[in-house]
Amino acid sequence: MSDSLERLYLAVLAARNLDPATSRTARLFQRGPSKMAKKLAEEAIEVVIDAVNGDSEAVIRESADLLYNLTVLWASAGVRPEDVWREMTRREDMLGIAEKLPKSAMKLPKVASPRVAARRPIVALENRTARKRH
Ligand SMILES: N=c1c2ncn([C@@H]3O[C@H](COP(=O)(O)OP(=O)(O)OP(=O)(O)O)[C@@H](O)[C@H]3O)c2ncn1[C@@H]1O[C@H](COP(=O)(O)O)[C@@H](O)[C@H]1O
């Protein structure tokens, strides 16, 4: 999946300065981040409607549109796919460590190594901070 998204991201970068009359991507860049955000949100809504209706073929098609519009917004925001993969790997590593801890260690952090036991609360704190920013 990451390979396809990386190829799509490169295609978006290559298209951003093409003629807006012929390139949808160039047109989105011409219109700016607000238009990109609107398109992304519209595609997300289409995906959830199709999922609720049980139309899995439409979910697949709209998901591809959603990912295209997400890569356009990444490119506009100066975010690279590898930046997102790095964050996903960081979370995977962190949650993987937390999941291996016995439940009693989660309640009583002093029993486990303080460095490891302290990680789960950090996840909650980070999530809460991120939500406040939006
Ligand atoms: N992967 C995509 C891609 N996925 C989805 N889409 C477009 O995004 C549209 C989804 O938006 P809508 O459903 O709103 O379609 P619409 O209502 O017809 O379109 P709007 O005029 O409302 O935007 C789809 O119809 C596709 O045309 C894409 N457009 C471009 N790409 C790739 O982006 C690269 C650059 O292409 P150009 O933008 O054509 O230069 C190429 O590699 C393309 O393959």
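As shown above, the structure is provided for reference.
Residues numbered from 1 in each chain as written. Predicted model: local features only at pLDDT ≥ 70, side-chain atom pairs only at ≥ 80, totals over all residues. Heavy atoms only, no water.

1. Remarks on the overall build of the protein
What the protein contains, in helices and strands, is 8 helices and 0 strands. Within the protein, counting contacts between residues at least 6 apart in sequence, those at least 24 apart form 51% of the total. In the form shown here, the protein has an accessible surface area of approximately 9,500 Å², with 58% of it arising from carbon and sulfur atoms. (Helix = DSSP H or I, 4+ residues; strand = E, 2+ residues; numbered from the N terminus. Contact = heavy atoms within 4.5 Å. Areas by Shrake-Rupley, 256 points an atom, 1.4 Å probe, with all protein chains shown as cover.)

2. Quick look at the site of the ligand
In the vicinity of the ligand, the contacting residues are Leu 8, Ala 11, Ala 15, Ser 23, Arg 24, Thr 25, Lys 39, Glu 43, Asp 65 and Tyr 68. Within the side chain of Thr 25, a nitrogen or oxygen atom sits 2.4 Å from an oxygen atom of the ligand. For the ligand, an oxygen atom lies 3.1 Å from a polar atom in the side chain of Glu 43. Notes on the ligand: free accessible area 830 Å², of which the protein chains cover 52%. Top contributing element to the shell around the ligand by residue count: helix H1 (residues 2-15), with 3 residues. A breakdown of the residues in the shell around the ligand according to their chemical character gives 4 nonpolar, 2 polar and 4 charged. (Near = heavy atom within 4 Å. Polar contact = N/O pair within 3.5 Å; in protein donor to acceptor, adjacent residues only side chain to side chain. Nonpolar A, V, L, I, M, F, W, Y, C, P; charged D, E, K, R; others polar.)

3. With respect to the side chain of Thr 71
Note that Thr 71 resides in helix H4 (residues 56-77). On the basis of relative accessible area, Thr 71 is assigned to the buried category, the value being 0%. Not counting residues up to four positions away in its chain, the partners in contact with Thr 71 are Leu 5, Leu 8, Tyr 9 and Val 12. (Buried < 20%, exposed > 50% of the residue type's maximum accessible area, 1.4 Å probe, protein only.)

4. A closer look at H1
In this model H1 runs 20 Å from its N-terminal to its C-terminal C-alpha over 14 residues, within 8% of the 20 Å that 1.5 Å per residue would give. Regarding H1, the residues found buried are Leu 5, Tyr 9, Val 12 and Ala 15. The buried side chains of H1 occupy one side of the element, clustering within an arc of 130° when seen end-on. Turned more than 90 degrees away from the buried face of H1, the exposed residues are Asp 3, Arg 7, Leu 10 and Ala 14. Check the buried side of H1 and you find it contacts helix H2 (24-31), H4 and helix H5 (81-100). (Expected span 1.5 Å × (residues − 1). Arc of directions from axis to C-beta.)

5. Thoughts on the nonpolar core
Within the largest apolar cluster, 11 residues are counted, these being Leu 5, Tyr 9, Val 12, Leu 28, Phe 29, Met 36, Tyr 68, Val 72, Trp 74, Ala 75 and Trp 85. Elements with a contribution of two residues or more to this core: H1, H2 and H4. Counting residues per element, this core draws most heavily on H4, which supplies 4 residues. Beyond its immediate chain neighbours, meaning those up to four positions away, Trp 74 contacts Tyr 9, Val 79, Pro 81, Val 84 and Trp 85. (Core = buried A, V, L, I, M, F, W, Y, C linked by side-chain atoms within 4.5 Å.)

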